[in-house]
Structure formats: C-alpha cells, structure tokens
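# Coordinate analysis (summary)
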Amino acid sequence: MNEKPTRPPVFLERSGYHRRRMADAAFLLPIFGALLLCTPILWPSTPDAPDQTVSAVSMSGAILYVFGVWLLLIIGAAWFGLWVRKWGEDRQDPGAL
Amino acid sequence: MASFNTLVLVCLGYVMLLFIVAFVADRLAATGGDRWLRSPLIYTLSLSIYCTAWTFYGAVGYAARSGLEFVTIYLGPTLVMIGWWWGVRKLIRIGRSQRITSIADLISARYGKSNLLAVGVTVLSVIAITPYIALQLQSITLSFAVFSDGDELTNRDTTAFWAASGLAAFAILFGTRNLDANERHQGVVTVVTAVALEAVVKLVALLAVGIFVVWGVAGGVPDMLERIDASDIGRWQTDRSRWATIMFLAAAAFICLPRMFQVMVVENDDERHLQTAGWAFPLYLAAMSLFVVPIAVIGLDTLPEGSNPDLFVLTVPLSEGREGLAMFSFLGGFSSATSMVIVAAMALSTMVSNHIVMPIWLSLRGDGASVSGDVRSIVIFSRRLAIAGIMALGYTYFRASGGGAALAAIGLIAFAGIAQVLPALVGGLYWRGATRSGAAAGLLVGFLVWAYTLLLPETGSGILTAGVLEHGPLGLSWLRPHALFGIEGLDPIVHSVAWSLFLNTAVFCIISVSTFPGPLERLQGAQFVNVFEHSAAPKEWAGSYAQTEDLMIMTQRIMEAEQARALFRQGAGQQGQSGEMPEPTPAFLEFLERALSGSVGAATAHAMIGQIVGRSSVSVEDLLAVADESAELMEYSSRLGAQSAELSRTARQLREANEMLTQISEQKDAFLSQVSHELRTPMTSIRAFSELMRDTEALSEADQKRFANIIHDEARRLTRLLDDLLDLSVLESGKVNLNLNAGNLSEVMDQAVVTALTGSSNPIQVLREPGSADIGIHTDLDRLSQVFINIISNAQKYCDAETPELSITTSRNGEQIVIDFVDNGSGIPPEARAAVFEKFARVSADKAGGAGLGLAICREILQRLGGDVSYLDGHEGGAFRVQLPLNTNL
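The rules behind these values
- Counting from 1, residues in each chain are numbered in the order their sequence is written.
- Written order decides the labels, with chains lettered from A and ligands numbered from 1.
- Only residues with pLDDT of 70 or above have their local features reported here, since the model is predicted, and side-chain atom pairs are shown and tallied only from 80 upward, although totals for entire chains, interfaces and linings are computed over all residues.
- In computing side-chain properties, one takes all heavy atoms of the structure into account and sets aside hydrogens as well as water.
- Helix numbers and strand numbers start at the N terminus; a helix is a DSSP run of H or I with at least 4 residues, a strand a run of E with at least 2.
- In this description, contact between two residues means that some pair of their heavy atoms is separated by no more than 4.5 Å.
- Any residue with relative accessible area above 30% and no salt bridge may belong to a patch, with like charges joined within 9 Å and the nonpolar Val, Leu, Ile, Met, Phe, Trp and Tyr side chains within 5 Å.
- In these tables, accessible area is a Shrake-Rupley quantity obtained with a 1.4 Å probe, and a residue counts as shielded only by the protein chains included in the view.
- Put simply, a salt bridge is a Lys or Arg side-chain nitrogen that is within 4 Å of an Asp or Glu carboxyl oxygen.
- The buried label applies to any residue whose accessible area, calculated with a 1.4 Å probe on protein chains only, is under 20% of its type's maximum; exposed applies above 50%, and partly exposed to all values in between.
- Buried area is calculated as the accessible area (1.4 Å probe) missing from two parts once they are joined, with the contributions of both summed.
- As used in this structure description, the phrase polar contact means that two N or O atoms lie within 3.5 Å; if the pair is within protein, one of them must be able to donate a hydrogen and the other to accept it, and residues adjacent in sequence are counted only when both atoms belong to side chains.
- Only Asp, Glu, Lys and Arg are considered charged, only Ala, Val, Leu, Ile, Met, Phe, Trp, Tyr, Cys and Pro nonpolar, and every remaining residue, Gly among them, polar.
- Definition used in this section: a nonpolar core is a set of buried Ala, Val, Leu, Ile, Met, Phe, Trp, Tyr and Cys residues joined via side-chain atoms within 4.5 Å.
- Paired strands are those between which DSSP finds at least two bridges.
- Where helices are involved, their axes are fitted lines through C-alpha atoms of the stretch in contact, as for all axes, and angles between N-to-C directions lie from 0 to 180°.
- Confidence of the predictor at the level of single residues is given by pLDDT, which spans 0 to 100.

Let us now look at the side chain of Thr52(B). Its place among the elements puts Thr52(B) in the loop between helix H2 (40-46) and helix H3 (53-66). If sequence neighbours within four positions are ignored, Thr52(B) has contacts with Tyr132(B), Gln136(B), Arg259(B), Ser336(B) and Met340(B).

What follows is the structure, given as structure tokens:
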C-alpha cells in the first residue's frame with residue numbers, strides 16, 4: 001500500500017496532460033448537462049402568465065429543447081467513450097488523480 | 001377484441017420464448033460461446049430494467065396530466081450515465097474488488113462489514129420496493145382488463161394472484177438455479193439475456209405505437225407538433241421545484257435501487273462496457289421517451305373524456321382498430337413488468353437471505369459456517385423462500401391498497417425511500433471520514449422522516465389520521481407531515497425529499513465527524529475511496545488458455561507436479577475435453593479452489609485464484625483470513641520445531657548414555673583382567689607350593705611347615721582380596737546397609753590407631769592434638785573406623801622416613817569435619833596422585849602388600865557417608881584429607 005515513495009511529478013508529458021484534461025471534461029459533461037436540463041425552471045410557465053404579457057414556452061419548443069440537449073449529451077458521452085477506448089485503460093489510471 | 005384466453009396464451013407463449021432464450025444462453029455459456037452474451041450491448045440493454053411497467057404505461061399518463069415533467073424520470077439516469085467515468089466506474093471497480101453482492105452488502109462492506117447497516121438497508125429496500133412490485137401487478141391486471149371487457153372487476157384479484165404466482169415461479173426458476181453464494185454466477189447470464197430481450201421488446205413496442213401515432217394518425221412530424229401545441233398540454237406548465245427534485249431523485253434511485261445495483265454493478269462483467277453504456281443507455285432512454293408526448297396528445301384528442309391516460313399505449317391502437325399493434329404493445333408492458341419483478345425479487349432475496357436469514361440461521365446453529373456443503377443448499381432455499389415472500393407481500397399490498405390511483409403515486413415514493421441510501425453511499429465512496437455510526441444514524445433519520453412525511457400520508461394506510469395530517473401530532477402544528485417546521489405550500493414529494501435527505505445528510509456528516517471508526521472500517525474506507533490505487537484496471541482479454549496455464553503454474557507451486565497435472569486432467573475430463581488444459585469455468589475454479597484449500601487454507605486459495613483470474617483484488621477480510629491461516633501454520637511448525645528439538649535432545653542423551661555404557665564396559669573388562677591378574681599371583685604360588693608338598697617325597701618338617709604357611713598366607717591374601725572386592729561391589733552398587741549410630745570421633749580414632757598398629761614391629765609414631773577430635777558425630781562408626789585404619793596402615797606401610805611419624809589434625813568447618821593425615825615420608829609422586837583412589841592402584845610394585853583396593857573402598861565409604869577423601873597437595877610427605885559431615889542423614 002505504500003507504493004508512493006516519491007511524489008508524483010508536477011508536470012506531465014503531453015499525453016498524460018491530455019488524459020487528465022479529458023477526465024476533467026468527463027466530469028464537466030454531466031454538470032453542464034444538469035445545468036442545461038434545469039434551465040426550463042427559468043421559463044415562464046402557464047400559471048405565471050395569466051396577463052399574457054409573457055407567453056409560456058410552447059410544448060413543441062420544450063420538446064425540441066430537451067431532446068436537443070439530450071442528443072448533445074449522448075454525442076458528448078459517445079465521443080468520450082471512443083476516446084477512452086482509443087487510449088485504453090492502462091497502468092496510469094487518470095481516474096485516480 | 002382479443003379474448004382473455006388469447007391474451008393468456010400470448011403471455012404463456014412469450015414466457016416460453018424467454019425460457020428458450022435462457023436455455024440457449026445457458027448452453028452457450030456452458031460451452032464458452034457466450035462472449036457476445038457478455039458484450040456491452042447486452043449490458044446496456046440489461047440496464048433497461050430501470051424502465052418498468054410504471055414507465056411504459058405510466059409515462060404517457062404522466063405526460064397527459066403534467067406535460068413534459070415525466071421526462072425528468074429519464075433525465076436523472078442520463079446524467080448519471082454520461083458521468084460514468086467519475087461515478088459508476090468507481091462503483092463497479094469496488095463491487096468487483098470487494099465481491100459485492102448487493103447494495104446492502106456494499107454499504108455494510110464500506111462501514112467495516114457492519115451487519116446492522118446491511119439489515120437496515122435491506123429493510124428499507126423491502127419497504128420501499130414491495131409497493132413498487134404491487135404497482136407492476138396493477139399494471140398487468142389493468143392491461144388484461146383492457147382486453148377483457150366488462151368483467152374485469154371480478155377478475156382483477158384473480159389475475160393479480162396468477163400474475164404474482166407466475167412471476168414468483170419465473171424468478172425462482174431463473175434466479176436461483178445455479179447459485180454460488182458470493183460469486184457472479186452462470187445462471188445470471190441467462191437472466192441478463194432474458195432481460196435484454198425484454199428490453200428490446202418493450203422499446204420496439206413503444207416505438208411501434210409512437211411511429212403509428214405520429215405517421216399513422218397525426219400524419220407526420222410537423223402536423224404532430226402542431227397538434228401538440230394545440231392540445232391541453234400545449235404550454236409549458238411544469239412545477240419548477242418538482243422538475244429539479246424529480247431529476248435528482250431519479251438519478252439517486254438509479255444508483256440505489258437494488259435491481260439497478262444488481263444489473264449495473266453485480267452482474268457487470270467488464271467495466272469497459274461503460275464506454276458503450278455511457279452513451280447507449282441515455283440513447284435508449286431518449287428513444288423510450290421520444291413518443292410519449294405524441295401518444296398522450298393523440299390519446300387526449302381521440303379518446304372519449306375520462307379514459308384512463310395510463311392505458312393510452314393500449315387504447316389508442318385499439319381505438320384505431322390496430323389489434324396486432326395493441327397486442328404487441330401489451331407484450332411490451334408485460335415484459336417491462338416481468339423483467340423488473342424478476343430482477344427486483346432476485347436482488348431483494350439476495351439481500352434478505354444474506355443479511356437476515358443466514359445470520360439468524362447460523363447463529364441458531366451456533367457452530368459457525370465452516371461446513372460449506374449444506375450452507376449452500378440453505379442459501380438457495382432461503383433465497384427461494386425470500387422471493388416467494390416478497391411476491392406475497394407485493395400481492396398483499398396490491399389487495400390491501402385496492403389498486404386505485406394511490407398506487408400510481410407509489411413509484412416516486414419508492415424512489416424517495418431508496419434515495420435515503422444515497423448519503424451513506426456517496427459519502428462512503430468519496431469521503432474517508434464517513435463512519436458506521438454516521439451512516440446508520442443518517443439512514444435511520446432519513447427513513448423515519450421519509451416514512452412520516454411521505455410513505456404513511458401518501459399511501460393512505462390509515463396509520464396517520466386526518467387530524468394528524470391537518471394539525472400535526474398532539475396539536476403540534478410544526479410537525480405536520482406535509483409542512484414540517486412550518487414550511488407550507490410545497491409539493492409533498494419535494495417537501496419530503498428536501499427534509500429527509502437534508503436531515504439524513506446532516507446527521508450522517510455530524511456523527512461521522514464526531515465519532516472514530518474502528519480499524520477494519522478505516523481500512524475498508526481507504527480501500528473504497530482509493531479503489532483505483534488499490535486495484536488493477538481490467539486486463540486485455542488474454543484468452544482462457546493463458547489463464548489456465550497461470551493456474552497450472554500456481555498449482556504446481558503448491559502441490560506436486562504430477563498431482564497438479566492429474567487434477568487438471570480431471571477438470572478437463574469433467575468438461576468433456578481431452579488433454580490437461582480445462583477452460584477456467586467457474587465450476588473448474590471452484591473445484592481447483594477446494595483442492596488447493598486442502599494445502600494452503602481456504603482463504604489463501606481463494607485469494608490466489610482470485611488474483612490470477614482477475615475477478616477481484618484481495619480484500620482486508622481475505623488478508624485477515626490468510627493471516628489467521630498462516631498463524632496456524634506457524635504455530636504448527638513451531639510445535640514441530642519443539643518436537644524436533646526434544647528429539648535431538650533425547651538423541652544426545654542416548655548418545656551420552658551409550659558412551660558411558662561403552663566406557664563402563666571397558667572399565668569392567670579392565671577391572672576383570674586386573675582381578676584375574678590379582679587372583680592369579682596367589683593362586684600360582686598356592687598351586688606351586690601345594691604341588692611341591694605333594695610331589696616331594698622327603699620333605700622336612702620345617703619345610704613342610706614353611707610351605708603350608710606360605711599357602712596359608714596366600715590363601716588369606718586371596719580371601720582378603722575377595723572380601724575387598726565384595727565390599728567394593730556392594731558399596732558401588734549402593735546396596736550397602738549403613739549402620740548409623742551416634743558416637744565420638746576421638747573414640748573411633750583411638751580404636752583405629754590401635755587396630756592399625758597392632759602386630760607391627762616398628763609402629764609409626766601417631767601425633768594427635770589432644771581434645772581436638774572430641775566431636776560428637778552421627779554416622780556409621782564401623783565404616784568410618786575402617787577408613788581410618790586403612791589410611792593409617794597405608795602410612796605405616798609406605799612411610800619411608802627413618803622415624804616414621806603420622807600427624808592427625810582435626811578441625812571443624814561449619815557442618816563439616818576435616819581430618820588431615822600427614823606423614824613425614826617422601827609422599828606419593830605427583831604423577832601417581834590422581835590414580836591413588838582408582839582400583840588396583842599401587843604406588844610402587846615393591847611394597848605389594850594389598851590388592852590396591854583400600855583407598856578405592858575408602859572413597860566409596862566416605863561418599864556413601866556424605867563426605868569425601870582426597871590427596872592433599874603441598875606437603876612433603878603423604879597427606880590425605882578426610883571430610884565428613886557432622887550428621888549423616890541418609
């Protein structure tokens with residue numbers, strides 16, 4: 001268990017650096033996804049607009065937005081999955097850092 | 001309209017198909033051709049048991065009532081899956097390295113194998129999931145009722161009963177056939193395959209209905225969108241707090257639901273499947289929800305007012321006259337229900353049996369779990385019993401609740417209940433400071449708050465009266481179940497989730513920070529949180545042959561090569577192969593483990609095989625067990641060491657005894673030769689003179705007398721010698737009887753001097769200090785006198801001074817009396833001093849008066865009396881020192 005006699009290097013070579021940034025991206029993807037999927041909270045809703053000054057978002061628009069974001073997230077996850085497969089999960093495990 | 005019987009036949013046919021698929025999968029798994037069954041695609045499809053009949057039918061109803069809110073149920077899991085790198089991957093790695101069997105097992109393992117926590121999570125799961133199972137029964141009965149018009153009310157409970165029994169039998173047949181208590185088992189491949197097939201059926205069914213609705217009824221996408229905007233749900237009208245809360249709740253439940261944990265973590269074959277499932281499962285969910293709003297809108301448009309929107313998926317095709325499509329859609333709903341119930345019942349039964357039934361059974365038996373054979377059959381039996389019990393509970397709940405609208409709300413209530421596990425789970429995965437007490441307290445608080453604010457009021461169980469709901473218990477209005485601490489106006493779900501998870505997390509953190517975890521807990525915590533440092537990433541698939549070779553090498557290190565080869569040949573034979581390299585199937589690994597555990601102990605064998613096959617890393621418990629075993633081995637070998645030391649000590653003693661015996665035997669030989677020599681001299685002269693007297697005719701009287709005298713002297717000498725020998729042998733053998741008496745040393749000495757000097761022509765002058773020997777002694781006086789006589793006669797005999805003198809000095813030294821005999825002769829030459837006390841030792845041959853036994857006898861006597869005699873160096877003449885105890889107590 002004490003397999004870390006020396007401190008890990010402060011600067012990584014290019015591939016290691018890239019790998020960590022990709023792990024960061026994988027972390028950010030669901031967070032941005034959550035933010036995007038929560039924006040409908042800010043939309044004016046039917047009970048809010050009785051005076052009709054602001055019209056509520058139409059259902060078809062809402063569907064297009066939600067499924068659009070959904071599709072983007074799927075594409076992002078697929079891209080990341082392909083990237084992970086390409087790099088392989090070998091000895092240096094970026095998830096641990 | 002299809003008849004009820006047709007429907008039953010279709011269901012039975014579908015179940016038959018599932019069995020055939022399971023059978024084929026089983027055969028493929030047995031022959032090793034199951035690689036595609038363990039593919040990422042199957043894994044992704046198996047995750048779809050998240051979509052139950054509640055989502056299949058209910059999503060459309062949900063959309064018809066609340067617009068787009070239903071989609072949050074799918075968005076939560078989507079977020080979890082696209083973040084797989086940081087969440088699910090860790091869960092799977094831990095599940096593999098710790099050999100986790102359920103969510104309860106995971107929580108228990110993280111917090112130091114606490115069975116209390118496992119029982120807590122199990123009870124919570126059963127309470128939350130049982131109504132959920134009832135919900136599946138309801139959807140099956142409702143869909144049956146759609147096809148069998150009119151008499152559905154009379155049939156409802158019967159349908160539910162047969163559905164419950166059928167599902168229980170199905171789950172038992174599928175889930176507990178080939179059960180291996182702690183391992184991923186072969187039988188599950190078949191379950192996962194069946195679940196994957198059902199996933200395809202329900203997706204295709206829903207897509208078919210959706211495509212029919214959009215292109216068949218509405219006439220294309222633009223028309224459809226127009227109709228949507230024109231419908232009752234055409235405007236955005238979502239409760240904002242619910243939107244975010246339900247999304248979060250669905251994400252939490254996706255991880256914590258026992259059935260999801262089962263397929264996602266326990267049955268996971270390779271964490272790299274996540275690379276695919278990370279995007280493919282969100283795609284599946286998106287496809288499942290794509291046509292929900294169109295179906296709802298068309299249903300609301302075309303069907304008469306008051307139709308149940310939960311059944312639009314069936315009733316829309318039926319009203320359009322598409323019976324085949326409706327039947328297919330019915331099958332989709334049916335497979336959603338069956339797959340969910342089977343996996344949920346299996347997962348719950350594992351938890352109930354492992355954490356409740358088995359501990360009780362083992363403690364009742366009282367003799368520990370060392371016998372594995374019959375435990376296994378008990379495990380299978382208890383799991384089957386648990387499945388039956390859970391299904392019975394679900395059915396009872398269905399009957400009791402009346403199956404009305406109350407049941408429809410149960411899905412989210414179950415989600416909120418199971419989400420109480422989330423703080424302990426996430427805290428355990430990412431925070432080393434989380435402790436068992438914290439987890440248990442948080443879980444308890446969360447459960448109580450959830451039950452009080454959501455489960456009891458919403459399920460209409462009647463435990464909370466209307467008065468309590470309106471005014472709070474005992475009139476305490478701040479404790480009203482729907483307005484805790486006076487916060488009013490919230491949606492009940494949002495209210496309950498916010499309070500229960502907030503209090504749960506707060507208690508969990510506060511207690512964790514203020515308590516100190518035990519050693520096993522801390523180790524497990526480190527293993528969980530830093531799992532990527534402690535476990536290896538899965539290796540490239542290297543082929544089973546290489547694994548078998550590794551196993552062979554390891555086995556040969558443990559047992560003899562020939563024995564190992566025979567073992568592998570036997571394994572290959574059991575698989576129907578020739579040669580020595582069997583496939584590393586679970587059965588063979590188990591067989592090998594059993595064989596190896598005979599040599600190195602069960603825990604060590606398990607850990608070694610686990611390392612090679614790469615299924616798991618070695619857990620702390622494994623290490624402890626290995627340490628126990630090696631401690632036993634060390635104790636055994638130290639016992640062996642002690643025995644061998646004792647043996648070598650005995651051998652040394654035997655060798656010494658042997659040397660002594662040899663020495664004694666040599667001494668005896670020397671003694672015998674000396675004795676015969678000593679006897680021979682007088683015998684020779686006796687014989688010579690007696691022959692002389694016999695053969696000489698004219699022997700003068702004087703000669704005759706002289707010869708007779710010589711013969712007589714020699715005979716006396718012979719007798720004395722024999723007496724001495726006898727005396728010595730008696731003394732040496734220790735059989736002498738000492739005649740102990742009280743007396744005075746002076747008197748004994750006087751008598752000895754007189755006796756020794758009697759008959760001597762030139763007696764030696766004995767010098768004694770008067771009175772110094774006046775000491776009372778208690779010893780064998782005759783023997784002591786014999787010693788003195790001997791020493792004095794020796795002095796008389798050997799002292800070569802002109803006027804021989806012998807001075808005898810007596811002194812007391814504590815309890816010892818010391819008597820020195822010193823004469824004024826030339827003494828004994830130094831080189832002969834050591835030998836004077838040996839038998840037949842004579843200082844000079846010319847004065848051969850005795851046999852040379854006198855001093856030997858003296859020493860023997862004195863040693864028997866507790867004293868000693870020694871030659872006294874440092875004097876001119878012969879000097880002997882006699883030491884004697886004041887009291888001889890023998």
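What follows picks up the thread again.
Time to look at a nonpolar patch on the surface. Residues and elements named next belong to chain A. On the surface, Phe27, Leu28, Ile31, Phe32 and Leu35 cluster together into a nonpolar patch covering about 490 Å² of accessible area. Looking at the element boundaries, Phe27 is found in helix H1 (residues 14-38). Taking the relative accessible area as the measure of exposure, Phe27 reaches 44% and is therefore partly exposed.

The next subject is the interface of chain B and chain A. Contact with chain B, which involves 45 residues of that partner, is made by 45 residues of chain A. Across the chain B to chain A interface the summed buried area is about 4100 Å²; carbon plus sulfur atoms make up 69%. If you look at where chain B meets chain A, you find zero salt bridges. Viewed at the interface, chain A and chain B are joined by four residue pairs in polar contact (both at pLDDT 80 or more). Only helix H4 (72-82), helix H5 (88-97), helix H10 (221-230), helix H11 (240-256), helix H13 (273-290) and helix H25 (531-534) of chain B provide two or more residues apiece to the side of chain B that touches chain A. If you tally residues by element for the side of chain B that touches chain A, the top one is H13(B), at ten residues. Partitioned by chemical class, the residues of the side of chain B that touches chain A number 25 nonpolar, twelve polar and eight charged.

Grouped together as the largest cluster of nonpolar side chains are 194 residues, with contacts concentrated most on Trp70(A), Tyr50(B), Leu68(B), Phe70(B), Val293(B) and Phe415(B). Counting residues per element, this core draws most heavily on helix H16 (residues 323-365) of chain B, at 17 residues. In contact with Phe70(B), other than residues within four places in its own chain, are Ala59(B), Tyr62(B), Ala63(B), Ser289(B), Val292(B) and Val293(B). Core analysis: the second largest hydrophobic core is formed by 50 residues, Val753(B), Ile764(B), Val787(B) and Ala795(B) among them.

Residues and elements named next belong to chain B. Taken in spatial order, the five strands of this open sheet run S4-S6-S7-S9-S8, and their pairing is mixed. Two strands in the sheet have a free side with no partner beyond their single neighbour: strand S4 (765-768) and strand S8 (868-871). Averaged over neighbouring strand pairs, the angle between their axes works out to 20° when direction is ignored. Bridge count for S4 against strand S6 (residues 805-813) is four bridges, and the pairing is parallel. Each bridged residue has a counterpart across the sheet, and for Leu767 the counterpart in S6 is Ser807. On the sheet, helix H32 (residues 745-757) packs against S4, S6 and strand S7 (816-823) and is oriented at approximately 170° with respect to S4. Docked against the sheet, helix H35 (residues 854-864) engages S8 and strand S9 (879-885), running at close to 140° with respect to S8.

What follows deals with the pattern of salt bridges. Residue and element names in this part refer to chain A. Here the structure, examined in full by the defined rule, presents twelve salt bridges over all chains. In this structure, Asp24 engages Arg21 in a salt bridge whose closest nitrogen and oxygen atoms are separated by 2.8 Å. Taken together, the positions of Asp24 and Arg21, both in helix H1 and three residues apart, correspond to about one turn of that helix. Classification of Asp24 as partly exposed rests on a relative accessible area of 32%.

So, about H5(B). Residue and element names in this part refer to chain B. Among the ten residues in H5, nine count as buried, and that is most of the element. Looking at H5, one finds that the buried residues are Val88, Arg89, Lys90, Leu91, Ile92, Arg93, Ile94, Gly95 and Ser97. Positive phi appears at Arg99, one or two residues downstream of H5, with a value of about 50°.

Residues and elements named next belong to chain B. Mean pLDDT over chain B: 79, with 85% of residues reaching 70 or higher. Counted against residues more than four places away or in other chains, residues 179-187, with its pLDDT under 50, gives 28 contacts. Within the model, pLDDT remains below 50 along residues 368-372, and this stretch shows three contacts once partners closer than five positions in the same chain are excluded.

Residues and elements named next belong to chain B. Tracing the chain through its elements places Asp823 in strand S7. One polar contact links the side chain of Asp823 to the main-chain amide nitrogen of Gly825, over a distance of 3.2 Å. A polar atom in the side chain of Asp823 sits 2.7 Å from the backbone nitrogen of Gly878. Residues in contact with Asp823, not counting those within four places in the same chain, are Ala795, Cys799, Glu805, Leu806, Gly877 and Gly878.

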